[in-house]
Amino acid sequence: MDHVAHAQSAATTEDPVIVPGLGSASGSSAYEIQKVHILYKKNLLKEKDLPSSITVLDDKSVARVNPTMGSIQTLLKQSPSVTAYAQGPGQSAPTLAVRGVKNDELAETLNGVPITSLLGGAGDYLSNNVSAPITLPEIDSATVYPGVAPPERQGFGTVGGTIAYTAKAPTDKPYAELEGGYGSFDTSHFGFTINTGKWYDGVDAPKTLLLYDQSETAGYVANTPAHYHNFLFNTVKPFDDGLTQVGLLVIFNQGNGTIQSEPTPTALIDKYGWNYNFPTNLGYYNQAGKFLTTILSDKSYINQYLDFQGSVFYIHQDQKTDSYCAPSTTDGSLPYAVNVQCPYNFYGDVGPGSNFQSSAFNYNPTAAFGSPQAGESSEFTHNWGNTYGFTPQLNIHLPHNTIAIGGLIAKQTSSGTQYIYGSDLAQQNQINGYDSSVFGGGYQRSVYVGYISDKIDLLNNKLHIEPAFRVTSAYTSNIVQQNFSAATGKYQNFTKVGEPYIGISYDLPWHLTPYATYGKGSLFSPVSDYGSGSNPLAGSETAPTPEIVHMYEAGLRYDTPNLYLSADYFYQKVNDAFSFYENYLTGTSYYANQGGFLVRGVEVAGKARLTPAVTLSGNFSYNNTDYTDSAFEFVTLANDQFGYAFKGTPFSNTPTYLANIALDYDKGPWTAELSAQYTGRENQTYDILTPNDPQSMLSGATTTDLQNTNDPNFIFNFNASYKIPVNTHRIKSLKVVFTALNIFDVHYYTYKYNSELASGGVYSILPQYESGLIGPPRSLQLDLVAKF
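Since the structure is predicted, the reported quantities are computational estimates derived from the model, not experimental observations.

How each quantity is defined
- Residues numbered from 1 in each chain as written.
- Predicted model: local features only at pLDDT ≥ 70, side-chain atom pairs only at ≥ 80, totals over all residues.
- Heavy atoms only, no water.
- Salt bridge = Lys/Arg side-chain N within 4 Å of Asp/Glu carboxyl O.
- Helix = DSSP H or I, 4+ residues; strand = E, 2+ residues; numbered from the N terminus.
- Buried < 20%, exposed > 50% of the residue type's maximum accessible area, 1.4 Å probe, protein only.
- Core = buried A, V, L, I, M, F, W, Y, C linked by side-chain atoms within 4.5 Å.
- Pairing = 2+ DSSP bridges.
- Phe/Tyr/Trp six-rings, centres within 6.5 Å; stacked < 30°, edge-to-face > 60°.
- Disulfide = S-S within 2.5 Å.
- Contact = heavy atoms within 4.5 Å.

A. Region of the structure containing the pattern of salt bridges. Applying the stated criterion across every chain, the model contains 10 salt bridges. For Arg-64, the salt bridge goes to Asp-664, with nearest N and O atoms at 2.2 Å. Here Arg-64 is found in the loop between helix H3 (59-63) and helix H4 (72-76), whereas its partner Asp-664 is found in strand E31 (residues 657-667), with 600 residues between them in sequence. A relative accessible area of 10% places Asp-664 in the buried class. With its nearest N and O atoms 3.7 Å apart, the salt bridge here joins Asp-568 to Arg-99. Residue Asp-568 is located in strand E26 (residues 563-583), and its partner Arg-99 is located in the loop between strand E3 (95-98) and strand E4 (101-102); the two are separated by 469 residues in the primary sequence. Asp-568 gets classed as buried once you look at its relative accessible area, which sits at 7%. When salt bridges with common partners are traced through the structure, they connect Arg-99, Glu-553, Asp-568 and Glu-603 into a single cluster.

B. Examining the nonpolar core more closely. Grouped together as the largest cluster of nonpolar side chains are 58 residues, with contacts concentrated most on Leu-75, Leu-76, Leu-110, Ile-134, Ile-139, Tyr-165 and Phe-597. Among the elements that line this core, the one with the most residues is E26, at four residues. Core analysis: the next-biggest nonpolar cluster, separate from the first, contains 18 residues, Leu-126, Tyr-347, Phe-380 and Ile-420 among them.

C. Here's a closer look at the sheet that holds strand E37 (residues 749-755). Reading across from one edge, E14-E38-E37 is the order of the three strands in this open sheet, with antiparallel pairing throughout. Both edges of this open sheet fall to strand E14 (264-265) and E37, since each of them pairs with a single strand only. Where E14 and strand E38 (residues 769-774) come together, two bridges link them in antiparallel fashion. Its bridge partner lying in E38, Pro-265 is registered against Ser-771.

D. How the structure looks around the packing of aromatic side chains. Applying the stated rule across the entire model yields 31 aromatic pairs. Ring-pair connections join several aromatic residues into one group, and the members of that group are Phe-580, Tyr-591, Phe-632, Phe-634, Phe-642, Tyr-644 and Phe-646.

E. Summary view of the state of the cysteines. Scanning all chains against the criterion turns up one disulfide. Here Cys-325 engages in a disulfide with Cys-342; their sulfurs sit 2.1 Å apart. Placement of Cys-325 in strand E16 (residues 306-325) and of Cys-342 in the loop between E16 and helix H6 (343-347) is noted, with a sequence separation of 17 residues between them. Cys-342 shares its class with Cys-325; the two are buried.

F. Representation of the environment of Pro-399 in the model. Mapping Pro-399 onto the fold places it in the loop between strand E17 (378-397) and strand E18 (401-421). Between the C-alpha atom of Pro-399 and that of Ile-456, which follows or precedes it by 57 residues, the distance is 9.4 Å.

G. Just unusual backbone geometry, in detail. Located in the positive-phi region is Arg-99, a residue other than glycine, with phi close to 55°. With relative accessibility at 0%, the residue Arg-99 sits in the buried group. In the Ramachandran plot, Asn-461 falls in the positive-phi region, its phi being about 65° despite a non-glycine side chain. Assignment of secondary structure puts Asn-461 in the loop between strand E20 (442-458) and strand E21 (463-479).

H. Examining the sheet that holds strand E1 (residues 55-57) more closely. Taking strand neighbours across the sheet as the criterion, the five strands line up as E1-E7-E8-E5-E6 in an open arrangement whose pairing is mixed. In this open sheet, the two strands that pair with only one neighbour each are E1 and strand E6 (113-114). As defined by bridge partners, strand E5 (residues 107-110) adjoins E6 across two bridges and the pair is classed as antiparallel. When the sheet's bridge partners are listed, Leu-110 is paired in E6 with Val-113.

I. Local environment of the environment of Ser-525. Within the secondary structure, Ser-525 sits in the loop between strand E24 (512-523) and strand E25 (547-559). Since its relative accessible area comes to 2%, Ser-525 is described here as buried. The spacing of Ser-525 and Gly-120 is 405 residues in sequence and 6.2 Å in space, taken between C-alpha atoms. Ignoring sequence-local partners within four residues, the contact set of Ser-525 consists of Leu-119, Arg-445, Tyr-530, Ala-543, Pro-544 and Phe-578.

Put into structure tokens, the structure is as follows:
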């Protein structure tokens, strides 16, 4: 839970050396090179003057999260104001929010490269839910920038914050690791790491890291098994006595598993047991994901005034989903929804003779299987996309300030197919023009970002001012795919937004640093919002303009080697939030900027070194989140509940209070951490019932429940490791790692809501019932790591 003042001090001579005021180190003595490295470390320490409440989760924080039982979201939850949960061990259907702002409104970067979708709308719900572009075993650190980050650190498109990951990198000294482990819910993993160290003696010798990890689990919810394979290759070649370096990073991750498309009815959990889930003969949602990320980077020392850094990158994503519902789950005989991804649930009767018919869809479910329910029981989708781009930055070093000029040039394309069929054979029956509900066409967005920022140090290096300005623009187009409900065509536009930023901090006596920040950010509308369809409310078919956030933040830090304290107040107002309405029964849709919300609160964090071996750390956050406009939109963090946000109501599924506390011990062969996480009450949701008008625009719309809340929970975790003395020239060390999550086996829900059953494109046909996603029960795992 280290904040930036602590984490940045971990900089080592592994970093490239770029120091203002010194000439080229080429041909200089080893002493002079070392002097450059020392000065560069001091330059990095100035990062603590950043006028922001950022949190750095360093390599020690990463190491203490079990990579098989946990996930990246488990790590990020250690930060203030971060809400995160998943459906199972590993990278399984995670949900993430920062200060109440959900994942599809956040930006993520890897080594400075954007890894979130440029197309927008890539939230948590049923999209890329198994595996991810970056996983926990592959990172060295993660930095959370809530709100609006400085332009040179901000990814593309965010009104809630940026999460910046740093990939595992090779070190100068060689080593190899072989590890494996087994734990609760038949969870196991095996992996190895090979670090070549320097290939030969010399400061400019290349070095390479190779990592592979595979894991599998039965899941702590019944019928949710998953398998993961993660591969990382990272090689670095220094030049000019280490002042310049070129690197190549390749990450390939894949996973397949079964997830819950919607929470389990709590009545069935109470009746059959805590981990109950519907059997697969009633329904399932299987997903397989592949992610390839390639980054070619360069960091070059030019002269005493200039240095350059930039990356060329390529990202490929591929996702296949196979979903099935037994006809008995949609014919009205079952009081619960088993799988929300049942075509009949949304469309009702389709094909010839129905409201939905086109040359793209000639399949007749009733004629083929006897009824719409039987003929629309399965669905198969295949989506893929490619992103490539360039992130240049030139740094100009002057006596009292450093100017950064940079940007992002990138393009993403995406397409996919979707098929409907009876029984569970949609994956095998894929015929365009017959049962293809979607095929052809595709999305694309070209992004052009430019920024300039200036870090100014005045008054004997006590006053720090960082003014900056950023221009974000994008050309977007959607060639609407062949489908059975909307007309095809091409929809496109060009949009740009100016984003000012300024931060000020001042180093007072007594190790105190107050700071204040203002920033403007933007989020471009999802490309899927570019399309046809009547707009009964706004009378327009144009795509929404970008969402805009204005962030104000003020804070105070106290920083000494043995005690670090920080506190901040934040205020984030989002205008022109995206709003949309879609009636599956009639094909009516509209997209507009009718929403808005306000996020404000307080965050406190600290770390104290009690003894040389014992450290106490923790944080607390208070978040107050409200809608400022009434609009149709997704109203849950996971984007799984479409509905209506009423002005003045709070967000659902967003805890008002969050807290973390951890006690760490690190001495000799022993390390241990006892931690606890508190998640406060959060509002549930319910569906608006309109029994007298089942086709009303508000029929079945989900909204915040002001009467019912999810109960708070306090979860304790423990992990410890011991290095066994080994007397052999082949094995350097043998480490045993023990992890215990939720050690008191508290039963709690990470998410809960009330819902009614939708069937045949009509809502409000049955009484509502409560459903929930359970939190991880007590989980134990033992790992063994051999280092060679």
